[in-house]
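Fold and contact review
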Amino acid sequence: MSHAEARSHIRYAFNVWEARSVRAWTLDLSMLTDAGVTLQRPPRAGERRGVAAVTAELQSSPQAV
């Protein structure tokens, strides 16, 4: 992908995001909860940076086998 193609792709993706963000969406996860999966609420906006840092640290550290 050339630089121009990449920029065009990014511009298109943002246009799609913007158009879809106009609508209020809901997500029905009852299929999971009905199967016994426990859901966890996403972190609040102020907590996301810390969660991202911890997650990145965990993913970059060597895993014991």
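Quick look at the structure, then. (Residues numbered from 1 in each chain as written. Predicted model: local features only at pLDDT ≥ 70, side-chain atom pairs only at ≥ 80, totals over all residues. Heavy atoms only, no water.)

Before going further, it helps to spend a moment on the overall build of the protein. Looking only at helices and strands, the protein features three helices and zero strands. Secondary structure elements of the protein occur, N-terminal to C-terminal, as α-α-α. The globule rule puts the C-alpha radius of gyration for 65 residues at 11 Å, and the 18 Å found for the protein is more than 25% above it. In terms of its C-alpha atoms, the protein occupies a principal-axis envelope of roughly 45 × 35 × 25 Å. (Helix = DSSP H or I, 4+ residues; strand = E, 2+ residues; numbered from the N terminus. Rg over C-alpha atoms; globule rule 2.2 N^0.38 Å.)

What follows deals with a nonpolar patch on the surface. Together, Leu-27, Leu-29, Leu-32, Val-37 and Leu-39 make up an exposed nonpolar region whose accessible area comes to about 430 Å². Looking at the element boundaries, Leu-32 is found in helix H2 (residues 30–34). (Patch = residues over 30% accessible without salt bridge, like charges linked within 9 Å, V, L, I, M, F, W, Y side chains within 5 Å. Areas by Shrake-Rupley, 256 points an atom, 1.4 Å probe, with all protein chains shown as cover. Salt bridge = Lys/Arg side-chain N within 4 Å of Asp/Glu carboxyl O.)

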